[in-house]
Each structure stands twice: as structure tokens, then as C-alpha cells.
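Next come the chains, spelled out residue by residue.
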Amino acid sequence: MQNGARRAIEIGKPYNRFITVLLEKGGFPERDAAAATRAFIKLIADWLREKGGRLCWTYSLEWGSQNLSHVHILLHIPPDLDKKFRPMPQRWAKSFLPLGKFAGAVLSKRIRGANTPDGVSVGLYDRELWADLYYLMKAAPVALEEPLAMLGRGRPGIRWGQSSLVFGKRSGSWQERRADNQ
């Protein structure tokens with residue numbers, strides 16, 4: 001996740017959106033959460049491809065007693081498409097989730113500092129991005145906490161080293177393809 005975030009910045013596609021999808025509450029059985037995550041990311045990638053873009057992303061699949069099976073996704077949406085993208089996660093929830101759209105089904109926020117005129121407002125963006133990465137990695141081994149702890153402690157209620165059973169792949173990032181280098 002960390003390497004994916006760094007690489008996205010290097011190629012000029014900094015993660016600038018943070019999305020959470022409540023998969024199980026939306027009707028996907030817990031065992032299908034990983035497949036549902038891939039399908040949701042594909043919706044985003046297809047939408048972006050239609051507009052001439054390529055998607056850079058990372059995700060973390062979790063299960064918790066309050067939100068059940070859910071996914072957090074960090075991704076890059078080109079700043080000129082951000083306004084058009086904002087309503088899309090809610091629209092997709094309506095048709096994507098078996099139970100349809102409901103309050104809180106999909107939460108989407110812009111990462112502050114990513115879309116500033118200078119490309120990336122370094123201080124603000126770094127704090128926001130690393131806090132979001134820290135949040136996504138809370139179920140990672142405790143040994144990984146130290147490198148992120150100073151930057152990511154801005155989120156209340158995070159207990160590092162949490163564990164949750166998930167079916168399928170817990171996390172992933174876009175895999176850079178040759179075309180991404182051009």
C-alpha cells in the first residue's frame with residue numbers, strides 16, 4: 001500500500017479519493033466481499049477509461065462488528081473529472097449492491113491537499129494521505145505501525161493490530177503496467 005501510494009505520486013497520479021463501501025450490509029455475503037471489491041474497482045476503472053484515464057488504487061478489505069464486511073479504497077481521479085466523479089459511487093451503489101442504495105452504503109471523500117494548483121500541497125496532503133493509509137493498515141502486523149505512527153495518528157479510535165477474518169484477498173494495489181510508464 002505504501003509503495004503504491006509513493007509510486008502514484010511519482011507518476012503524477014496521487015491518491016486523491018478515499019471511498020468506503022459497506023458490502024455485507026449492502027447485501028453481499030461475507031464470502032463474496034473480495035469479488036465484490038474487484039467488481040466495484042472495475043466500475044471505477046471502466047468509468048475512468050471511458051474518459052481517457054487509467055486508475056491507480058489500493059484497497060483494504062475488513063470485517064467489523066459494526067460495519068460487517070466492508071472495503072476502504074484509496075484512488076486517483078484526475079482533478080478535471082472530480083466533479084463528475086463525485087456522484088458516481090452513490091449511483092453505482094444503487095445498481096451494484098444487491099440491497100441497493102441506503103444511507104451510508106458508500107462514503108466518498110476527497111483527500112485534502114491533493115488537487116491544489118501546485119499539484120500536491122505537500123504538508124497537508126502528506127498528513128491526510130498517511131492518516132488514510134494508517135487507517136487502511138490498522139489490521140497489519142504491529143511491527144509496521146512505527147513507520148506510519150507519527151504521520152497517521154490523527155484518526156481517533158484506531159487500534160493498531162486489529163484482526164478480522166476476511167475471505168479472499170485482504171488488500172491490493174494497482175499493478176503498474178508498461179503503458180502507465182508512458
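Computed from a predicted structure; not experimentally measured.

Colleague: Would you mind going over the overall build of the protein with me for this structure?
Modeller: From N to C terminus, the protein includes six helices and five strands. When its helices and strands are written in sequence order, the protein yields α-β-α-β-β-α-α-β-α-α-β. Split into buried and exposed, the 182 residues of the protein put 47% on the buried side. Contacts in the protein between residues far apart in sequence, at least 24 positions, make up 66% of those at least 6 positions apart.

Colleague: Just checking my understanding: could you explain the pattern of salt bridges for this structure?
Modeller: A side chain with one charge may pair with a side chain of the opposite charge, provided their charged atoms come close. Evaluation of the coordinates by the stated rule reveals eight salt bridges. Ionic contacts of the salt-bridge type, sharing partners, join the residues Lys109, Arg112, Glu128 and Asp132 into one network.

Colleague: What is the right way to look at the packing of aromatic side chains in this model?
Modeller: For any two aromatic rings, the description comes down to two numbers: the centre-to-centre distance and the angle of the planes. What the rule picks out here adds up to six aromatic pairs. The interplanar angle of 45 degrees and the centroid separation of 5.1 Å between the aromatic rings of Phe28 and Phe96 together place this pair among those described as tilted. One end of the pair, Phe28, is in the loop between β1 (17-21) and α2 (33-50); the other, Phe96, is in helix α4 (residues 88-96), with 68 residues separating them in the sequence. Residues Phe28 and Phe96 agree in their burial class; the two are buried. Members of the aromatic cluster, connected to one another through ring pairs, are Phe28, Phe40, Trp47, Phe85, Trp92 and Phe96.

Colleague: Help me out: how do you make sense of the confidence of the model for the protein in this one?
Modeller: Regions with low pLDDT should not have their predicted coordinates read in detail. Chain-level pLDDT for the protein is 81 on average; 74% of the residues reach the 70-or-more range. Mean pLDDT per element in the protein: helix α6 (residues 145-152) is the minimum at 52, and β1 is the maximum at 96. Low pLDDT (under 50) marks residues 150-154, which in the prediction has eight contacts with non-local residues, meaning those over four places away or in another chain. Note on residues 178-182: pLDDT under 50 across the span, and six contacts to partners over four residues away in sequence or across chains.

Colleague: Just to check I follow, could you spell out the side chain of Ser69 for this structure?
Modeller: With respect to the element layout, Ser69 can be found in strand β3 (residues 68-75). Once residues lying within four places of it in the same chain are set aside, the contact partners of Ser69 are Leu22, Leu23, Glu24, Glu30, Ala33, Leu61, Glu62 and Trp63.

Colleague: Please clarify how the packing of α2 against α4 should be interpreted in this entry.
Modeller: For any two helices packed against each other, the geometry comes down to the angle between their axes and how far apart the axes lie. Taken N-terminus to C-terminus, the directions of α2 and α4 make an angle of 130 degrees; their axes are 11 Å apart at the nearest point. If you check the angle between α2 and α4, you find them oblique. The handedness of the crossing between α2 and α4 comes out as right-handed. Residues Ala36, Ala39, Phe40, Leu43, Ile44 and Trp47 of α2 lie in contact with α4, whose contacting residues are Met88, Pro89, Trp92 and Phe96. Tallied by class, residues from the contact of α2 with α4 come to ten nonpolar, no polar and no charged.

Colleague: Help me understand the sheet that holds strand β4 (residues 106-110) in this model?
Modeller: Within a sheet, adjacent strands bond to each other through the backbone by hydrogen bonds, running parallel or antiparallel. In spatial order, the strands read β4-β1-β3-β2-β5; together these five strands make up an open sheet with antiparallel pairing. Both outer strands of the open sheet, β4 and β5 (171-173), are each paired with one neighbouring strand and no more. Geometrically, the sheet is characterised by an average inter-axis angle of 15 degrees between neighbouring strands, direction not taken into account. Each of β1, β2 (57-64) and β3 is contacted by α2, which is oriented at about 145 degrees to β2, the strand it contacts most.

Colleague: Just to check I follow, could you spell out helix α1 (residues 2-10) for this structure?
Modeller: Note on helix geometry: an α-helix contains 3.6 residues per turn, so any two residues three or four positions apart are oriented the same way. Along α1, the residues that are buried comprise Gln2, Gly4, Ala5 and Ala8. Take α1 and look down its axis: the buried residues cluster within an arc of 165 degrees, on one side only. Across α1 from its buried face, at more than 90 degrees, point the exposed residues Asn3 and Glu10. Positive backbone phi, approximately 80 degrees, marks Gly12, located one or two places after α1.

Colleague: Whenever I open this one, the pairing of β2 confuses me. Can you help?
Modeller: Along any regular strand the residues' side chains alternate between the sheet's two faces. Among the eight residues in β2, seven count as buried, and that is most of the element. Counting the residues that bridge the hairpin from β2 to β3 gives three residues. As defined by bridge partners, β2 adjoins β5 across three bridges and the pair is classed as antiparallel. Looking at β5, one finds that Ser60 is bridged to Ser171.

Quick notes on the rules
- In this convention, every chain numbers its residues from 1, walking through the sequence in written order.
- The predicted origin of the model limits local features to residues at a pLDDT of at least 70 and limits the giving and counting of side-chain atom pairs to 80 or more, whereas totals for whole chains, interfaces and linings rest on all residues.
- Excluded from the side-chain calculation are hydrogens and water; included are all heavy atoms of the structure.
- Helix and strand definitions follow DSSP, with helices as H or I runs of at least four residues and strands as E runs of at least two, each counted in order from the N terminus.
- Classification of residues uses two cut-offs on accessible area relative to the type maximum, computed with a 1.4 Å probe and protein chains only: under 20% is buried, over 50% is exposed, and between them is partly exposed.
- In what follows, residue pairs with any heavy atoms lying within 4.5 Å of each other are defined as contacts.
- Each salt bridge in this description consists of a side-chain nitrogen of Lys or Arg and a carboxyl oxygen of Asp or Glu lying within 4 Å of one another.
- Stacked, edge-to-face and tilted are the three classes for Phe, Tyr and Trp ring pairs, Trp counted by its six-membered ring, which pair at centre distances within 6.5 Å; planes under 30 degrees apart are stacked, over 60 edge-to-face, the rest tilted.
- One number per residue, pLDDT, summarises how confident the predictor is, and it ranges from 0 to 100.
- The axes used here are C-alpha line fits, helices contributing only the stretch in contact, and every angle between their N-to-C directions lies in the interval 0 to 180 degrees.
- Just so you know how the angles are binned, under 35 degrees is roughly parallel, over 145 roughly antiparallel, 65 to 115 roughly perpendicular, and the rest oblique.
- Handedness of a crossing follows from how the near helix is turned relative to the far one, being left-handed for an anticlockwise turn of less than a right angle and right-handed for a clockwise one.
- Here the nonpolar group is Ala, Val, Leu, Ile, Met, Phe, Trp, Tyr, Cys and Pro; Asp, Glu, Lys and Arg are the charged ones; every other residue, Gly included, is treated as polar.
- Paired strands, as defined in this entry, are two strands with at least two bridges between them according to DSSP.
- Picture the helix axis, draw a direction to every C-beta atom, and the arc is the one those directions span.

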